Amino acid sequence: MRILGISAFYHDSAAALLDNGEIAAAAQEERFTRKKHDSGFPHRAIEFCLKQAGLKIDDVDFVVFYDKPFLKFERLLETYLAFAPRGFVSFQKAIPVWLKEKLFQKKLLQDELKKIGVEGDLEKKLLFSEHHLSHAASAFFASPFEEAAVLTMDGVGEWATTSFGHGKGNDLKMVREIHFPHSLGLLYSAFTYYTGFKVNSGEYKVMGLAPYGEPKYTDKILQHLIDLKEDGSFRLDLSYFNYCTGLTMTSQKFHDLFGGPPRQPDKDRLDQRHMDLAASVQDATERIVIQLAGAIQKETGLKNLCLAGGVALNCVANGKLLRKKYFDHIWIQPAAGDAGGALGAALAGHHLFKKQPRKLTPGKDFMRGSYLGPEFTQEEIQTRLESVGAQFTVLDTDSMIDQCARALADEKALGWFQGRMEFGPRALGGRSILGDARSPSMQSVLNLKVKFRESFRPFAPSVLREDVADWFEIGEDSPYMLLVADVVQNRRIAMTEEQKALFGIDKLNIPRSDIPAVTHVDYSARIQTVHADTNPAYHQLISRFKELTGCPVIVNTSFNVRGEPIVCTPEDAFRCFMGTDLDVLAVGGCLMLKEEQDPSLKLNYAEAFELD
Amino acid sequence: MSFFSELWAFMRVRKKFWLLPILIMMVLMGGLIVLTQGSTVAPFIYTLF
C-alpha cells in the first residue's frame, strides 16, 4: 500500500510518501521553491517523493491531508462568537480568506491532485487526519518503541494545542487535549513577538537568547499569564493576549506587566531585559513541559515518551525533561513542526485508517537518520555544477574526506553537501556548513560572515556517537539535534568574576571550554550524535578530523544564510558558497575552493533574502 | 453542492446545529466584506485562522 501525506496552506508545506509502511521520501516544499516556510500546495515535494520512490501518481492508493479544515472553521466561528464584538477587526481580515479559499480546501486539494494526474474516486482516495493526531502519529509510528506515551504541543491545530495519547503496536489513541486559546506554543510565540522576533521562526532565537538572561519574570508569568495545574494542564489569562481578537500577539495589559511595548526589531537594540524575558519564558516552558510529562508518566506508568509539535523543537526543555528521568527513553520526531504533519498524516492513514501492521526493528526508528530528501548522482552533480560555472576537482571518497577534514582543522568554513537532504528544520550532515569546534573565532565568523545572522546565536556540535559521553553530559543518542546537554566539567574553562560581569553577548567571546564554538554561555550545547549506520560519510569525516586533531566534535549549522531555505540542489549550494565567506565546498565527489572560482560569479547574498 | 452536504454532515456529527444561524449571518457579513475588498492575504502576525 502506498500513501502520500500532505501538509499545506498554513506554513511549511510538505509531502511524505509511504511505500508499504516504509518512509520512501519526505521533503518540504520551501526547499524546492526557495521560499521560506512556503505554504502553497506542495507540487514539487510530491513530484520529488514519487520520483525518489520510482512511482507514478497512479500508484498511490491514498492521499492523507494533515488536518481538518471544517474543524478549524468551527474554531474560527466559535472564537469570534465568544469574543464578539471585540474581534471584528480580526474577523474582517480572516473571513474573506476563508470564504474565498480555506473553507473549500477539500475541493482545492482535489483540484490540485487532479492536476498532477490523480485519477479515480477522490472521495475515497483523499482522507483527512486531525492536526494533533498527525503530529502524534509522526512521533509514535516513526519511533523505535512498541509502546509509548505521546505528547504533542504546538501553537494550535484545529482545536487542540496540547494533546496526550497512548501508542501501542499499530494503534494510537488520543487520551486528552487542551484546547485553543490555551496554548503553550502561543505563550512562547507571544514572548517571541514581544522581544522583537518573527513569530513562527524566531522562537529558536528566543531559546538561544535565554542563557544570556536571568529568569526574573518566571514568577510573573506563572502568577499572571498562566494557571498551571498539578497535572500539567493549564489555562492562559487571555486578557494579557491579543491573538484571539487582534492582529498581534500581546495586549496592553501584557506590556504593562513586563514594563513597556514590544521591541521594534529595526529600532530597539536587544538589552538585558529582553534576555531576562527570554530566560523567563524558557524557564516557564520547561516547568510546564516537565510537569505535563511527569503527570503523564504517573498516570500511564509507561517507560517511553514520544514528542512532536513545534514546542518539541525546544531542545533545551527536551534535555531537561530527559534528565528528570521520568521516562527511560524519549524520542522526538525530527520534523516536529507542521512539515512533519505530512509524514504523520501518511502514517496515521497507514496504521490507523487502513489498519496496516507496524514492523519494528528493535532499537531503530523509522526515520533513517531523517535523510529522506533528494540526492544526486555524481554525474548529475558534475553536470549541474558545470552549468553554473563552478571550478571543481573530482576526488574519490577517501581523498575527499581527508581534504575536508584537513580544511576543518585549518579553521576553514566548509560547505558539506552529501547524500540525501534532511527532512525537518535541522541540518544533520547532509546539507551542512561545518567548522572547527575548537576555534575561538569560528562562532563569530560563521554568524557574521557566512550566515549573516545575529551574533548571539549559538552553534551546535556534531559528535561521534561513541565519543559523546567524553565531551557532553549525556549518554543517550541524540541523532536529530533535539537534546541539549552541558559540556563535561573537565573540558570547561571557568569564567573569572570579571568575565562573569560582562554584558550578555560579550560573554560569548570568552572561551568557555575546549570547544568554544559550540559551547553556549551556560556551558550547554545542542548535540547531534553522528552514527556510522545512518550517515557513514559524515561519520568518516569527523573520525578523520579526530585522527588529525584528537577532537571528535565539529560545528554543524544548516547550509543556508539567514532567511534562506536550506540548500537542496548542487546549484543552490554553489550559489550560497559564492554569496558567503565559505572557504571550501564539497558536493558529492566534487571539491571546490573559493580562490579557484571565477570572481565574477560572486553574489551579494547578504541582502538576497527577507530576514527571518 | 457536495460542499453543503458535507458541511451539514459535519454539523450533524459535531452536534453543532446551533452554529447554523451564526454561520449564515457570518457568511452574509463576510460576503459583504469580500465584495468590498480585493485581497485575500490576511495580515496576521501568526496564521491562527
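Residues numbered from 1 in each chain as written. Chains lettered and ligands numbered in written order. Predicted model: local features only at pLDDT ≥ 70, side-chain atom pairs only at ≥ 80, totals over all residues. Heavy atoms only, no water.

K.L.:
Looking at this structure, how should I read the overall build of chain A?
P.N.:
Scanning chain A from N- to C-terminus turns up 21 helices and 21 strands. The C-alpha radius of gyration of chain A comes to 23 Å, within 12% of the 25 Å expected for a compact globule of 612 residues. Based on the C-alpha atoms only, the size of chain A along its principal axes is roughly 65 × 65 × 50 Å. Within chain A, the proportion of its 612 residues that are buried is 63%. Residue pairs in contact within chain A that sit at least 24 positions apart in sequence constitute 72% of those at least 6 positions apart. Just so you have it, chain A exposes about 22300 Å², and 49% of that area is on carbon and sulfur atoms. With 72 positive and 81 negative side-chain charges, chain A shows a spacing of 3 Å between the two charge centroids. (Helix = DSSP H or I, 4+ residues; strand = E, 2+ residues; numbered from the N terminus. Rg over C-alpha atoms; globule rule 2.2 N^0.38 Å. Buried < 20%, exposed > 50% of the residue type's maximum accessible area, 1.4 Å probe, protein only. Contact = heavy atoms within 4.5 Å. Areas by Shrake-Rupley, 256 points an atom, 1.4 Å probe, with all protein chains shown as cover. Lys, Arg positive; Asp, Glu negative; His and termini not counted. Charge placed at Lys NZ, Arg CZ, Asp CG, Glu CD.)

K.L.:
I would appreciate a short explanation of the pairing of strand 6 (residues 147-153) of chain A in the present structure.
P.N.:
Along a regular strand, successive side chains alternate from one face of the sheet to the other. All names here are of chain A. Of all seven residues in strand 6, six are buried, a share of seventy percent or more. Counted between consecutive antiparallel strands, the loop separating strand 6 from strand 7 (residues 160-168) contains six residues. Note: strand 6 against strand 11 (residues 304-308), four bridges, orientation parallel. From the neighbouring strand, A149 faces strand 11, where its bridge partner is L305. (Pairing = 2+ DSSP bridges.)

K.L.:
Mind showing me how you'd approach the domain arrangement of chain A here?
P.N.:
Interface size is commonly expressed as the accessible surface area that is lost when the partners come together. Residues and elements named next belong to chain A. Considered domain by domain, chain A is made up of domain 1 (2-134 + 337-368), domain 2 (184-330) and domain 3 (378-601). Its C-alpha centre places domain 2 at a distance of 29 Å from the equivalent point of domain 3. Opposite the 21 residues of domain 2 that make contact, domain 3 presents 22 residues. When domain 2 packs against domain 3, the two sides together hide about 1800 Å² of surface, and 66% of this comes from carbon and sulfur. On the domain 2 side of the interface with domain 3, the three residues burying the most area are K205, Y212 and C315, jointly 34% of the side's total. Viewed at the interface, domain 3 and domain 2 are joined by one salt bridge. K205 serves as the salt-bridge partner of E454, at 2.9 Å between the closest nitrogen and oxygen. (Domains from an automatic or database assignment. Buried area = accessible area lost by both parts, 1.4 Å probe. Salt bridge = Lys/Arg side-chain N within 4 Å of Asp/Glu carboxyl O.)

K.L.:
Looking at this structure, how should I read a nonpolar patch on the surface?
P.N.:
Residues and elements named next belong to chain B. There is a patch of nonpolar side chains on the surface, built from I24, M25 and L28 and spanning about 310 Å² of accessible area. Inspection of the secondary structure assignment puts L28 in helix 2 (residues 19-35). You can call L28 exposed: its relative accessible area is 54%. (Patch = residues over 30% accessible without salt bridge, like charges linked within 9 Å, V, L, I, M, F, W, Y side chains within 5 Å.)

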